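Next come the chains, spelled out residue by residue.
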Amino acid sequence: MSQTQERTKSRRGFLGDAAVVAGASALAAAGIPAVHAAGSDLIQVALIGCGGRGTGAAGEALSTKGGPIKLVAMADIFENRLNGSHANLARGHGDKVDVPPERRFLGFEAYRQAMDCLKPGDVAIFATPPAFRWVHFKYAIEKGLNVFMEKPVTVDGPTTRKMLALASVSPKIINALAADKIDLACAQAFTLTDDHKRQERVFKRARTAHEVRALLTETKVTTGHRLFRFVGADAYREAGGTLTCDLFAKAGKVSRQYGRSDLNGHFLSPVSGCQLHPPRSPDRPC
Ligand SMILES: NC(=O)c1ccc[n+]([C@@H]2O[C@H](COP(=O)([O-])OP(=O)(O)OC[C@H]3O[C@@H](n4cnc5c(N)ncnc54)[C@H](O)[C@@H]3O)[C@@H](O)[C@H]2O)c1
């Protein structure tokens, strides 16, 4: 984004458009836009994971020249890590570090408490080991926060898919979540499609996870439907079928694009050793 463009957007607007995900070192490089926004133009930062990299990333954030910014909360598992990081940052950044003892949080729930100190549009820096990112990211989305996270963001396929799915929800829906107009389950249901226009059309008609799922899968059948006998996702896809997986629920849905005879014919030949009974879930084909 150019300097000019940066200045034409409000600081919170820039951040509030969507959950922004980037390597923490990109924080200073990208700059924080310098225009006032409704309420306050102060960007508050919470640091979650106060090790070497987290301390460095927070320092980079506080060095931005784009406008007022403060570190207001810190979270870690260990007190000595948090205190060491705090002392280090306070030495280097003076009153930009405004983290009194009551905003220094310890333990596995500390990430929530630190993010609870922020307002929508503020910034959470994630610099814990990556195993925790998915949980922390989910909470940041729920709070309408922006996230700068240290790479690696995830280390396994399923978590990566969930992170990408959550990041692909329309900004309008994320804003509704941040404003408590919908709950997290409902926002997650929109990940059934990554088409923002379609998400927004459904959003006009639905406000619960159940309604959203129903509208986004109305041309599909569940994997528990009598038309469906599971022979393996690969075999189904190879034969031209499509499988829509809700990453946040147990069952998947398949397109109702084949007639019963097709399903009984080509698709329903049992995988060796399997019986033709509807499986409880796609993960348990036999
Ligand atoms: N992108 C890069 O160039 C780069 C460089 C260094 C490290 N990293 C990555 O950044 C991450 C942090 O690296 P580091 O060197 O600072 O490690 P570190 O071990 O020094 O710091 C991690 C901190 O997170 C804390 N922590 C762990 N679990 C937590 C939880 N659930 N909630 C709150 N705090 C928690 C730890 O107590 C520790 O203080 C690692 O994932 C690492 O791979 C990336």
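Scroll up to find the structure this text is about.
So, here's what we can say about the structure. (Residues numbered from 1 in each chain as written. Predicted model: local features only at pLDDT ≥ 70, side-chain atom pairs only at ≥ 80, totals over all residues.)

1. Examining the site of the ligand
- Around the ligand, a shell composed of 23 residues is seen, among which Gly49, Gly51, Arg53, Arg81 and Glu150 lie nearest.
- Secondary structure elements with two or more residues in the shell around the ligand: α4 (52-62), β3 (69-76) and α6 (110-116).
- With 3 residues, the top contributor of residues to the shell around the ligand is α4.
- For the shell around the ligand, the per-class residue count stands at 12 nonpolar, 6 polar and 5 charged. (Near = placed C-beta within 6 Å. Helix = DSSP H or I, 4+ residues; strand = E, 2+ residues; numbered from the N terminus. Nonpolar A, V, L, I, M, F, W, Y, C, P; charged D, E, K, R; others polar.)

2. Concerning helix α12 (residues 209-216)
- Within α12, the full set of buried residues consists of Ala209, Val212, Arg213 and Leu216. In an axial view of α12, the angular spread of the buried residues amounts to 95 degrees, which keeps them on one side of the axis.
- Buried residues along α12 sit against α10 (184-189) and α11 (196-205). (Buried ≥ 20, exposed ≤ 12 C-beta atoms within 10 Å, placed from the backbone. Arc of directions from axis to C-beta. Contact = placed C-beta atoms within 7 Å.)

3. Concerning the pairing of strand β2 (residues 43-48)
- The buried count for β2 comes to 6 of 6 residues, which makes it a mostly enclosed element.
- As judged from the 6 bridges shared by β2 and β3, these two strands associate in the parallel manner. By the bridge assignment, Val45 is partnered in β3 with Leu71.
- Between the parallel elements β2 and β3, the chain passes through α4 in a crossover that is right-handed.
- As defined by bridge partners, β2 adjoins strand β5 (residues 123-126) across 4 bridges and the pair is classed as parallel. Residue Val45 lies in a different strand from β5, and its bridge partner there is Val123. (Pairing = 2+ DSSP bridges. Right-handed = clockwise from strand over helix to strand, strands pointing away.)

4. Some points on the environment of Lys172
- You can see Lys172 is positioned in helix α9 (residues 171-178).
- Separated by 31 residues in the primary sequence, Lys172 and Phe203 place their C-alpha atoms 9.1 Å from one another.
- Setting aside its immediate chain neighbours within four residues, Lys172 contacts Glu200 and Phe203.

5. Details of the pairing of strand β6 (residues 146-149)
- In β6, alternate side chains face the same way, and those of Asn146 and Phe148 on one face and Val147 and Met149 on the other are all buried.
- Handedness of the β5-helix α7 (residues 133-143)-β6 crossover: right-handed.

6. Quick look at the packing of α7 against helix α8 (residues 157-167)
- Between α7 and α8, the shortest axis-to-axis distance is 10 Å and the interhelical angle comes to 15 degrees. The pairing of α7 with α8 is recorded here as roughly parallel in orientation. Crossing angle aside, the handedness with which α7 passes α8 is left-handed. Listed contacts from α8 to Trp134, Phe137, Lys138 and Ile141 of α7 are Thr159, Lys162, Met163 and Leu166.
- Looking at the contact of α7 with α8 residue by residue, the classes come out as 5 nonpolar, 1 polar and 2 charged. (Axes fitted to C-alpha atoms, helices over the stretch in contact; angles between N-to-C directions. Parallel < 35°, antiparallel > 145°, perpendicular 65-115°, else oblique. Left-handed = near helix turned anticlockwise from the far one by under 90°.)

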